[in-house]
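Residue-level structural notes
Below, each chain spelled out in residue letters.
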Amino acid sequence: MTHLICVDAAVYQFPSGGGVGPFSLRVAGGELVVLAGATGSGKSTVVRMIAGLVQRHGHGRMTGSVTVCGRDPGALSGGERVRVLGFVGQEVDDCILAGTCAGEVAFALESAGLPADRVGPALARVGLAGFEDRDPREISGGERQRLILAAALAAEPSVLLLDEPLSQLDPEGARAVVRVLRAVADEGVAVVLVEHRLGLLACADRVVTMGGRPPDRAVFHVERPAPAPAGDPVVHAARPLLDLRQVTFLYDGARGVHGVDFLVREGERVAIVGGNGAGKSTLIGLLSERFSPMLGAILRVGSVIEVPQNADLVLFSRTVAAELAYAPEEWGAAADLTILADFGLAGLGTRAPQALSRGQRLRLAVASTVAASPDVLVLDEAGSGQDPASLAGLFEAIRRRSTTTVFSSHDPELVAAIATRVVWLDGGRVVDDQPVAASRWLGLAGQVRVAPAAALLPLPLPTSPPPSTAARVGPEHRGLDARLRILLVGILGVLVVLFEGVVPLSGLACGCLVAALAHPRAVGWRRGLVVASALLAWSTALSQGLFWAAWPRTPVVQLGGLTLWKEGALHGLAQSTRFIALGAGGLLLALSTPSDELITALRARVGRFSLPFALVIMVAAMVRFVPVVAVEWAQVRRARRARGRPIWRRSPSAWLAVEVALLRPVVARCVRRARMLAESLDTRGFDPASPRGIARPLIWRTSDSVLLLGALAGLVGVSGCRVLYGLYTADVWYHSRLRPLYAFVRAAF
Amino acid sequence: MKPAGWIAAAGVLFGVGCSQPGPLVVGVEWVGDGVELRASSPVSIVRIETVDGELLVVNALATPASEVFVGVVEPRGDVVVHVVGWVGDEEQRVSVTVAVPEPGAWTAEVQPAPGAEWAPAAGRMEVPLWGPSATIFVRLTAGAAAVDVPTGLGAVHLPAPGSRALLAVPVTGDRVLHIGDLELTLVAVHRDVSGAGAALTLDPLVFPAEQNGTRDLGRPTDAVALPSPVWERVLAQTGSGVRGRAVEEPWSFVAVPVRNEGPVPIDLVVATWVTDGAEPAATFRPRLRSADGGTGRTTALLRVPAGGESRAVLPVFVDTIGVESGVYDLHAEVTPLGSPTVLASTVLPLAVRRGDAVSSGGFVATLILSVAGLAWTAWTLPGWLRRASTTDLMVNALFGTALFVVSTATDVVSMSAGAVLGPFATLFTGILYDAGRTVLIATLLQLQPRPGALALSVLCGWMGRGVLTGAISAPDLLYTGVAIALGEGFAWISGLTRGQPLTVLRLSIALGLSNALLTLCGLWLHTVMYRLTFASWYIALQVGLPGFLYVLLACRLAVPFAESLREVDA
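Residues numbered from 1 in each chain as written. Chains lettered and ligands numbered in written order. Predicted model: local features only at pLDDT ≥ 70, side-chain atom pairs only at ≥ 80, totals over all residues. Heavy atoms only, no water.

Attention shifts here to the overall build of chain B. A count of helical and extended segments in chain B gives ten helices and 24 strands. The C-alpha atoms of chain B give 36 Å as radius of gyration, which overshoots the globular expectation for 570 residues (25 Å, by more than 25%). For chain B, the spread of C-alpha atoms along the principal axes amounts to about 120 × 60 × 45 Å. Pairs at least 24 residues apart make up 68% of the contacts formed inside chain B by residues separated by at least 6 positions. Where the 34 positive side-chain charges of chain B centre and where its 47 negative ones centre are 12 Å apart. (Helix = DSSP H or I, 4+ residues; strand = E, 2+ residues; numbered from the N terminus. Rg over C-alpha atoms; globule rule 2.2 N^0.38 Å. Contact = heavy atoms within 4.5 Å. Lys, Arg positive; Asp, Glu negative; His and termini not counted. Charge placed at Lys NZ, Arg CZ, Asp CG, Glu CD.)

Right, let's talk about the packing of aromatic side chains for a bit. A complete count under the given rule lists 25 aromatic pairs over all chains for this structure. For the pair Phe395 of chain A and Phe407 of chain A, a centre-to-centre distance of 4.9 Å together with 55° between the ring planes defines the contact as tilted. Note that Phe395 of chain A is positioned in helix H12 (residues 388-400) and Phe407 of chain A in strand E15 (residues 404-408), a separation of twelve residues in sequence. An angle of 50° between the planes, with centres 6.4 Å apart, marks the rings of Tyr725 of chain A and Tyr742 of chain A as tilted. Taken together, the residues span a long stretch of sequence, with Tyr725 of chain A in helix H25 (residues 702-729) and Tyr742 of chain A in helix H26 (residues 739-748) at a distance of 17 residues. An identical accessibility class is assigned to Tyr725 of chain A and Tyr742 of chain A; each is buried. Of note, Arg684 of chain A hangs over the ring of Phe107 of chain A, and the distance from its end group to the ring centre comes to 5.4 Å. Over the aromatic face of Trp492 of chain B sits the side chain of Arg498 of chain B, whose NZ or CZ is 4.7 Å from the ring centroid. (Phe/Tyr/Trp six-rings, centres within 6.5 Å; stacked < 30°, edge-to-face > 60°. Buried < 20%, exposed > 50% of the residue type's maximum accessible area, 1.4 Å probe, protein only. Lys NZ or Arg CZ within 6 Å of the ring centre and 35° of its normal.)

We now examine the sheet that holds strand E14 (residues 376-380) of chain A. Residue and element names in this part refer to chain A. Here we have six strands laid out as an open sheet, ordered E13-E14-E15-E11-E16-E17, and mixed in their pairing. For this open sheet the edge positions go to strand E13 (304-307) and strand E17 (429-435), each flanked by a neighbour on one side alone. Pairwise comparison of adjacent strand axes, ignoring direction, gives a mean angle of 20° for this sheet. Alignment of E14 against E15, held across five bridges, turns out to be parallel. The residue bridging Val376 from the neighbouring strand is Thr404, located in E15. (Pairing = 2+ DSSP bridges. Axes fitted to C-alpha atoms, helices over the stretch in contact; angles between N-to-C directions.)

Relative to the 39 Å expected for 27 residues at 1.5 Å per residue, helix H19 (residues 566-592) of chain A spans 39 Å between its end C-alpha atoms, a close match to the ideal helical length. In terms of residue burial, H19 of chain A counts as a mostly covered element, since 22 of its 27 residues are buried. (Expected span 1.5 Å × (residues − 1).)

What follows covers helix H5 (residues 390-421) of chain B. An ideal rise of 1.5 Å per residue puts 46 Å on 32 residues; H5 of chain B measures up with 44 Å between its terminal C-alpha atoms. Once H5 of chain B ends, the next one or two residues include Gly422 of chain B, with phi positive near 60°.

Once that is clear, we can look at the interface of chain B and chain A. Taken together, the 103 residues of chain B in the interface contact 106 residues of chain A. Summing both sides of the interface, chain B and chain A together bury roughly 8700 Å²; the carbon and sulfur share of this comes to 76%. The largest per-residue losses of area from chain B upon contact with chain A belong to Leu398, Val467 and Arg531 of chain B, which jointly make up 9% of the total buried on that side. Here chain B and chain A share three salt bridges between them. Put simply, Arg739 of chain A and Asp216 of chain B hold a salt bridge, and the shortest N to O gap is 2.7 Å. Considering every element that reaches the side of chain B that touches chain A, the biggest residue donor is H5 of chain B, with 21 residues. A class-by-class count of the residues in the side of chain B that touches chain A yields 65 nonpolar, 25 polar and 13 charged. (Buried area = accessible area lost by both parts, 1.4 Å probe. Salt bridge = Lys/Arg side-chain N within 4 Å of Asp/Glu carboxyl O. Nonpolar A, V, L, I, M, F, W, Y, C, P; charged D, E, K, R; others polar.)

In globular proteins that are soluble, nonpolar side chains generally tend to be buried together. Within the largest apolar cluster, 149 residues are counted, with the highest numbers of intra-cluster contacts made by Met618 of chain A together with Leu393, Met394 and Leu507 of chain B. Considering every element that reaches this core, the biggest residue donor is helix H10 (residues 536-569) of chain B, with twelve residues. Sequence-distant contacts of Leu393 of chain B, defined by excluding residues within four places in its chain, comprise Ala614, Met618, Phe686 and Pro688 of chain A together with Leu385, Ala388 and Leu456 of chain B. Counting 51 residues, the second largest nonpolar core, distinct from the first, contains Leu109, Ala154, Val180 and Leu200 of chain A. (Core = buried A, V, L, I, M, F, W, Y, C linked by side-chain atoms within 4.5 Å.)

Turning our eyes to something else, we now look at the domain arrangement of chain A. Looking at the assigned domains, one finds that chain A contains domain 1 (3-209), domain 2 (234-445), domain 3 (482-699) and domain 4 (701-749). Each of domain 2 of chain A and domain 4 of chain A has a C-alpha centre, and the two are 66 Å apart. (Domains from an automatic or database assignment.)

This paragraph deals with the sheet that holds strand E12 (residues 164-171) of chain B. Residue and element names in this part refer to chain B. Here we have four strands laid out as an open sheet, ordered E7-E6-E9-E12, and antiparallel in their pairing. Two strands close off the open sheet at either side, each with one partner strand: strand E7 (119-120) and E12. When strand E6 (residues 106-111) meets E7, the two strands line up antiparallel, connected through two bridges. Bridge pairing in E7 places Glu109 opposite Pro120.

This part is about the confidence of the model for chain B. Predicted confidence across chain B gives a mean pLDDT of 85, with 92% of residues reaching 70 or more. Across the assembled chains, the prediction reports ipTM 0.84 with pTM 0.76. (pLDDT = per-residue confidence, 0-100.)

Now for unusual backbone geometry. Note the cis peptide between Phe207 of chain B and Pro208 of chain B, where omega equals -10°. Considering the arrangement of structural elements, one finds Pro208 of chain B in strand E16 (residues 206-209). Its identity as a non-glycine residue notwithstanding, Glu164 of chain A has a phi of 50°, on the positive side. Note that Glu164 of chain A resides in the loop between strand E6 (159-163) and helix H7 (171-186).

Attention shifts here to the pattern of salt bridges. All names here are of chain A. Tallying each qualifying case throughout the model produces 46 salt bridges over all chains. Glu396 is the salt-bridge partner of Arg399, the closest N and O atoms lying 3.1 Å from each other. Of the two residues, Arg399 and Glu396 both sit in helix H12, three residues apart, roughly one turn of that helix. Glu396 gets classed as partly exposed once you look at its relative accessible area, which sits at 28%. One salt-bridge network, in which partners are shared between bridges, spans Asp94, Glu632, Arg669 and Arg673.

This part takes up the packing of helix H18 (residues 526-547) of chain A against H5 of chain B. In the contact formed by H18 of chain A and H5 of chain B, the axes pass within 9 Å of each other and the chain directions differ by 45°. By the criterion of interaxial angle, the relationship of H18 of chain A to H5 of chain B is oblique. By crossing handedness, the relation of H18 of chain A to H5 of chain B is classed as left-handed. Residues Ala532, Leu535, Trp538, Ser539 and Leu542 of chain A of H18 of chain A form the contact with H5 of chain B, whose own contacting residues are Met415, Ser416, Gly418, Ala419 and Val420 of chain B. Its residues placed into classes, the contact of H18 of chain A with H5 of chain B shows seven nonpolar, three polar and no charged. (Parallel < 35°, antiparallel > 145°, perpendicular 65-115°, else oblique. Left-handed = near helix turned anticlockwise from the far one by under 90°.)

Residues and elements named next belong to chain A. When you tally the buried positions in E6, you get five out of five residues, the bulk of the element. Burial along E6 is two-sided: the residues Val159, Leu161 and Asp163 and Leu160 and Leu162 are all buried. Across four bridges, the pairing between strand E5 (residues 85-88) and E6 is parallel. Looking at E6, one finds that Leu85 is bridged to Val159. Between the parallel elements E6 and strand E7 (residues 190-194), the chain passes through H7 in a crossover that is right-handed. (Right-handed = clockwise from strand over helix to strand, strands pointing away.)

Quick look at the structure:
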């Protein structure tokens, strides 16, 4: 048997101490191997060694040997990496850069110099046929997972590596991905994946458990979490803490929850379950006051604090001890540091929270929330990616603190072991609300788990409804070329500087503002845009009214030692039209052009000049994560608010210190995300030093050329007139024949 | 009209203005003691020779003109006038022969009122009297030789052929004046001043005006707009620029329109002058001080026909280097000839606007800095990108994301606060923005302590903002260039990109100074490109507080913040 993956006595020493290995593994083509083990046992490091990522990006020391298809994976060029290896990282959402599914898949093909016609088949292979022009952010989590899989498979690599690809998926979505993986392996590809939810992987050829057992042996070993204590109080007589009555909250008029009723009593551990998009996170958000119900009511008795899906966003203090002490100290109580031991964090009190391991960070996030003594603790899939034993320990620690808990999860084993009640959501409605023993969802999940591998294959892959015409954007976009749009905004920027008169500036401002307001994508922004424009005009008029130094000067109002001058205010009002024109014109560009097209436009070659692709990729990454970072920052602020006094009830310096501290988790997430993104790009063949082609170029039409020439001619005309007039007014050059021109510029510009 | 319409009209006007005119046509006539020349285009040189080619006179005009008088002493027969003029950009030369009449012994002409046409001094002439007396002038011109002319006021000696003498003749009543063998009868006609005053109307002054009295459309109305004194001084010292630098050249003209609804024409003295408060403004006095008799006034004589209107056009002199911004008063008044009684007067507020040398200089410095920053980036960018790992690039990009989110959030807060606090909103919201920005940049410098990291972050941030908000205008690009130049420059000076550890002092040098200068450059850009005005104290406040002090405060928080994040990266 030819082994495509050969790991021999590989050891990796982390720079901060500790290490992984020695570890050996051989995987042949056609094999589907699962790498299992406790959280922190080094599974991800092994997969990253096989992918060559540790060799290229790690700061630690590696010994032993790793070869893929007989080659050192750390020494492969970008194109070779794409052809040999496919890699799917842990956080799929952090690996997607492009604005369309086709763009995402085409990235690896561009790196390898392969034709773009492979995009369609790659998407079809994972059940995403017809998704080429859809925005990856608008498809479901399971579809995104398959999209990344398609991107990894597009170049038909010999080896496919996946790090916890199922952690964010519901059982149905996970099954779909597993079916694809099985099919890929059956085509002769060596597939290695890291996963905790072994129950979903009955079709695997081997399960390699890391941590204490000899490697390369097909041993499936899962430590079952401890069963719930018999004396758990699940009694209806207990005090109700949360009461949801006919609660409705919808996004985009459709997604969300509809008419949900349920009650949480003191001491209960309620699991909210359901598929991806069933409304679990919305319901959690409603419970923790992140959202307010559109219809219905929520009655709360006591405090409800949420640990978000990404537990890192709760950690903003400098040390672990400070994090745990934050909430008690905010309310004037002494911190109880014994909680450190309860949550397995003993001895870590002086460490920076953000520098802990993933599992430790999760435990700290929960511990610091529990330290705030909430009446109800809410966890939104907080345990995903953790092994069952770790999760059992975590929930046991919560139980010892006697906190009522509501948590969402995809994992039936976890739910069965921890929950006292299971609320099953489907399509935003509660379809089953039963004690754990009577839960229909758990019953169905058990059937799924025992289904034979062969029976999984013929099932169709679940997909979102077919994309609507309105949602389709891409190279066939009927409109101006993105490069032309950028140039037009640039020309607008020069024109507003050249013009000085109220008439042309107001004309430009009104034109741009009306066009921006009329744009269909501006529907939700219209009021904000008008208010922002009015505020801009007002504040510029105010500023210039105060600072008007030229004459004449007519006082309007005396503000202490300052005078507001009429002429200045009018001048400011006129000048504000520049800003409005610029802002509205820019917004129109941003609204009317998908970011994907703009980024492709940035790669345009002008003569011998083109922007380096690495810079373009940086811009794409920056743009891609703006909404994510904004949401995360808001989550951090909300998490702090739930655990402390209002931020303004302190001295200015303390207030500023808190504001700065709240950036810590955001920045830490950015650093981690950047690493993950870099590895994702690396495995898709990105190399900052290598030039590359554009798989899906923009199309420049004749009409674009005509429009550009017209705009340029106008710009040259205006600039020329302005320069001649400027020379005249600066006393530098004058020609009597140009007097009509001077008069025209003065009157019109 | 839409901008496109304006642009099209400008093109047409420009085309008309630049179209090729016809050849230079010159009409020349001998008048009294010289030649009077009228040309189809302004001429710059007039050279007069005898028919034998002997040079008589050359007049090189400081300012080309279409109507020129050149005096010729002792022409000794006909003369040839050579004219050099410009038609468009083309120099043209024309030569014309002019017949010179044989001179008599002497001639006498009389001017019934100053500024009126000269007429032969013989016969009967009416002299209007607006007061107790008037003065008329008699001009005597010698013929081919020196001559003594006997007059009723005594003998007048004309020492050379063509020489002239002017006699002022007081008139209080009818009188007869003998000049040689000529007899001139002066008939005094008394006029009613109050009646004339009631018949006169002084229309609003037209300033700036063309020499023909029409409004000068190329300049701001009712204002003197000048570049900064520094620029004017440079132009003056280099002898360059539009306007002649001769002290007697007017800066512009003011037209004084006068209407006369009375039954008789009125001869007026029109005077204009500029005051700064109550005193005549020295910077507006005629440059030839003796010409105004020390009064600061410019005067002209004007005859307003009965039931008609006339317009006096007077020069306005401006000391373009010395005059300061402010509002002055441009006065105009009319008095009847021979009387001090003011018939009408008006005042026009005259605003003087000067360019600001500091802002202009600052803008130029900003431009240079920006171009330097962008050029340096363009030169070194490929090298940075080649050497950087993908992780570093992504970390840099995501710091750009965090910076964008923080700055957008504070922008929204600033905009709302600005509605109440106006330009002072940044003094309150700036602390948030500066704290956020400083901790992020400090962390970036901690993670990537090498030249180029800051520049990449700024560049990526600018491009990202362009994609997200369309902010890709020229001022944005200039600001980006300055941010790169200052950020990288001070980071290098402080040692942060040369391997020195991150300390509060180094960070303060790197970010505090660069941000203060960046704030200043930003205000200069706003001043020039967006025509905004800021008081000097406000600029100092912005540079000192949000620009510098807030950043220093933020640096104290940023260093421990960056240290804690380094552990994450490790």
